[in-house]
Amino acid sequence: MEEHILVFAVAALVLGLIVLVWSADRFVDGAAASAKHLGMSPLLIGMVIVGFGTSAPEMVVSLFAALDGNPGIALGNAYGSNITNIALILGVTALLRPITVASSIVRLELPLLLGVTALTGVLLYNGDLTRLDSIILIVVFAVLMGWMTWQNSRQKSDHLAAEVLSELAGDIMPLRKALFWSIAGLLLLIGSSRFIVWGAVEIATVLGVDDLVIGLTVIALGTSLPELASSVVAVRKNEHDIAFGNIIGSNLFNTLMVVGLAGSISPMELPADLLTRDFPIMTAVTGFLFVLVFGFHKAKRLNRLEGALLLLVFFLYSVYLVMTVV
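Nothing here was measured: the structure is a model prediction, and the numbers come from that model.

**Student:** Would you mind showing me how to read the overall build of the protein chain here?
**Tutor:** Each helix and strand counted, the protein chain has 13 helices and four strands in total. The 326 residues of the protein chain split such that 53% are buried. In the protein chain, the proportion of contacts linking residues at least 24 apart, taken out of those at least 6 apart, comes to 87%. Total accessible area on the protein chain is roughly 14000 Å²; 71% of this is exposed by carbon and sulfur atoms.

Right, dumping it as structure tokens:
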């Protein structure tokens, strides 16, 4: 009986991840095209739609996991995605082509990410994600978004805005089609997330594995695939600020909004390993990226050697994670 359940659970997880990644791409494309038709500036489209829209999978999966009482999946997905985004995706992207960060807004986002990671650590230090903690995270995100938008609206130009404008100058879909994919993509995201959470919980139950580990590995990697695809495509087009901004924007969204929304709906006690193992590693990886980008180059960039170092960090973390579980 358990074998049959495991087969169905694995099938649900795999199918759910495939649909999730595909629908996330449709959702972001539709939302970006809709925003363009409605007159939103390229800078806001780059920051909000492209930068944060790729985190829609993490948000929906974590929300349903929180509603179902699975904090390991909810938080493991968010923080595991942050580790994957920096160590694996930026590592792969920089290895393919060195990334130069010219946009002032993208350069600003990285120290902000380090700061909000530290703030989150203070809030979670007592071992609980309370509703008040969650509201603080959401408010901080709203304030940061408003302030960054205001700051950059005063600039006449920005590299990120120029790259987004160039990307949108191509064959943009009609408004009706864009609205359709915005709605259909979101509905598919919700539906596939239910399959993913059910499959992950069943796999963890049958195999006797902590659901935190499932969230940190399979689900985190799966929900990070939109960031991987968009960053690799962007850097191959020499749209470096989009490639880098996708990752930093996604991590900001995961740290503040994904965790904040999940905790506001369902306050939760944190898994012990998350506080002693995974959150410190996420903080260290974020700090390491800050040092790589700002510490060694006058031009803010990430070269192939540094990309390889990030990949090594991801490999070592993965090995360490397996060793602590086995």
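Here the narrative resumes, following the displayed structure.
**Student:** For this particular structure, what's the right way to read the side chain of N82?
**Tutor:** As for its placement among the helices and strands, N82 is situated in helix α4 (residues 71-96). If we ignore the near neighbours within four places in the chain, the residues touching N82 are N251, N254, T255 and M282.

**Student:** How do you make sense of helix α8 (residues 175-207) when you look at a structure like this?
**Tutor:** Helical geometry note: an α-helix holds 3.6 residues per turn, so side chains three or four residues apart project in the same direction. Over its 33 residues, α8 runs 47 Å from end to end, which matches the ideal 48 Å to within 8%, given 1.5 Å per residue. Directly after α8, the chain includes G208, whose backbone phi takes a positive value near 70°.

**Student:** Hey, could you run me through the nonpolar core in this one?
**Tutor:** The nonpolar side chains of soluble globular proteins are, as a tendency, buried together. Membership of the largest hydrophobic core comes to 81 residues, with the highest contact counts inside it found for F244, L289 and L302. In terms of nonpolar packing, the next biggest core, distinct from the first, is built from five residues, A31, A32, I45 and I49 among them.

**Student:** Which parts of the structure should I look at to understand the pattern of salt bridges?
**Tutor:** Scanning all chains against the criterion turns up three salt bridges. D68 is the partner of R194 in a salt bridge, and the nearest nitrogen-oxygen pair spans 3.1 Å. A residue pair is termed long-range when its members are at least 10 positions apart, and R194 in helix α8 and D68 in the loop between α3 (56-67) and α4 qualify at 126 residues. A relative accessible area of 36% means that R194 is categorised as partly exposed. When its relative accessible area of 39% is taken as the criterion, D68 is described as partly exposed. Measuring nitrogen to oxygen at the nearest pair gives 2.8 Å for the salt bridge that ties D278 to R277. Each member of the pair, D278 as well as R277, carries the same accessibility label: buried. Here the salt bridges do not stand alone but share partners, grouping D273, R277 and D278 into one network.

**Student:** What am I meant to see in the packing of aromatic side chains here?
**Tutor:** Two descriptors summarise a pair of aromatic rings, namely the distance from one centre to the other and the angle between the planes of the rings. Within the structure shown, the criterion is met by five aromatic pairs. A ring pair is formed by W22 and W181, whose centres lie 5.6 Å apart and whose planes are at 85°; its orientation type is edge-to-face. Of this pair, W22 sits in helix α1 (residues 2-37) while W181 sits in helix α8, and the two are 159 residues apart along the sequence. Looking at W22, the relative accessible area reads 41%, which means it is partly exposed.

**Student:** Before we go on, may I ask you to explain the environment of A284 in this structure?
**Tutor:** Mapping A284 onto the fold places it in helix α12 (residues 272-295). Each C-alpha atom, one on A284 and one on I83, is 9.5 Å from the other, the two residues being 201 residues apart in sequence.

**Student:** Sorry if this is basic, but what is going on with a nonpolar patch on the surface here?
**Tutor:** Side chains of L305, L309, L312, F315, L316, V319 and M323 sit close together on the surface and give an oily, nonpolar patch of about 690 Å² of accessible area. Within the secondary structure, L316 is located in helix α13 (residues 304-325).

**Student:** Honestly, the packing of α3 against helix α11 (residues 240-265) in this entry has me stumped. Any pointers?
**Tutor:** Between two packed helices, both the angle of their axes relative to each other and the distance between the axes serve to describe the pair. Viewed as axis vectors pointing N to C, α3 and α11 meet at an angle of 25°, and their least axial separation amounts to 8 Å. The angle between the axes of α3 and α11 places the two elements in the roughly parallel class. In the packing of α3 onto α11, the handedness of the crossing is right-handed. Contact residues: E58, M59, S62, L63, A66 and L67 in α3; F253, N254, V258, L261, A262 and I265 in α11. Looking at the contact of α3 with α11 residue by residue, the class counts come to nine nonpolar, two polar and one charged.

**Student:** Explain α11 to me, please; I cannot follow it from the model alone.
**Tutor:** Along its 26 residues, α11 runs 36 Å from first to last C-alpha, staying within 8% of the 38 Å computed at 1.5 Å per residue. Approximately 40° is the largest bend angle found in α11, and it occurs at N254.

**Student:** Would you explain the environment of A102 in this entry?
**Tutor:** Examined against the element boundaries, A102 turns out to sit in the loop between β1 (99-100) and α5 (104-124). Linking A102 and H240, residues 138 residues apart in sequence, is a C-alpha distance of 8.1 Å.

**Student:** Whenever I open this one, the environment of I183 confuses me. Can you help?
**Tutor:** Summarising the element assignment, I183 is placed in helix α8. Accessibility expressed as a relative area gives 55% for I183, which makes it exposed.

Reading the values: rules and limits
Per chain, the residues get numbers from 1 upward, laid out in the order the sequence is written. Reporting in this predicted model follows two pLDDT cut-offs: at least 70 for local features of residues, and 80 or more for side-chain atom pairs to be given and counted; totals over whole chains, interfaces and linings ignore these cut-offs and use all residues. To obtain the side-chain values, all non-hydrogen atoms of the structure were included, while hydrogens and water were left out. Secondary structure elements follow DSSP: runs of H or I no shorter than four residues count as helices, runs of E no shorter than two count as strands, and numbering proceeds from the N terminus. Exposure classes here rest on a 1.4 Å probe applied to the protein chains alone. A residue is buried below 20% of its type maximum, exposed above 50%, and partly exposed in between. By definition, residues are in contact when any of their heavy atoms lie within 4.5 Å. For accessible areas, the Shrake-Rupley method is used with a probe of radius 1.4 Å. Any residue's cover is judged against the shown protein chains and nothing else. The span one expects for a helix is its residue count, reduced by one, times 1.5 Å. Definition of nonpolar core: a set of buried residues of the types Ala, Val, Leu, Ile, Met, Phe, Trp, Tyr and Cys, connected through side-chain atoms within 4.5 Å. In what follows, salt bridge is the name for a side-chain nitrogen of Lys or Arg lying within 4 Å of a carboxyl oxygen of Asp or Glu. Ring geometry is summarised as follows: Phe, Tyr and Trp rings, the Trp one being its six-membered ring, pair when their centres sit within 6.5 Å, and such pairs are stacked at plane angles under 30 degrees, edge-to-face over 60 and tilted between the two. The patch calculation keeps residues exceeding 30% relative accessible area without a salt bridge and links them within 9 Å when they carry like charges or within 5 Å when they are nonpolar (Val, Leu, Ile, Met, Phe, Trp, Tyr). Note on geometry: axes are C-alpha line fits, over the in-contact stretch for helices, and angles between N-to-C directions span 0 to 180 degrees. Any angle that is under 35 degrees is reported as roughly parallel, and any over 145 degrees as roughly antiparallel; angles of 65 to 115 degrees are reported as roughly perpendicular and all others as oblique. With the far helix as reference, a near helix turned anticlockwise by less than a right angle produces a left-handed crossing, and one turned clockwise produces a right-handed crossing. Classification used: nonpolar for Ala, Val, Leu, Ile, Met, Phe, Trp, Tyr, Cys and Pro, charged for Asp, Glu, Lys and Arg, polar for all others including Gly. Bend, at a single residue, is the angle you get between axes fitted to the 7 residues ending at that residue and the 7 residues starting at it.

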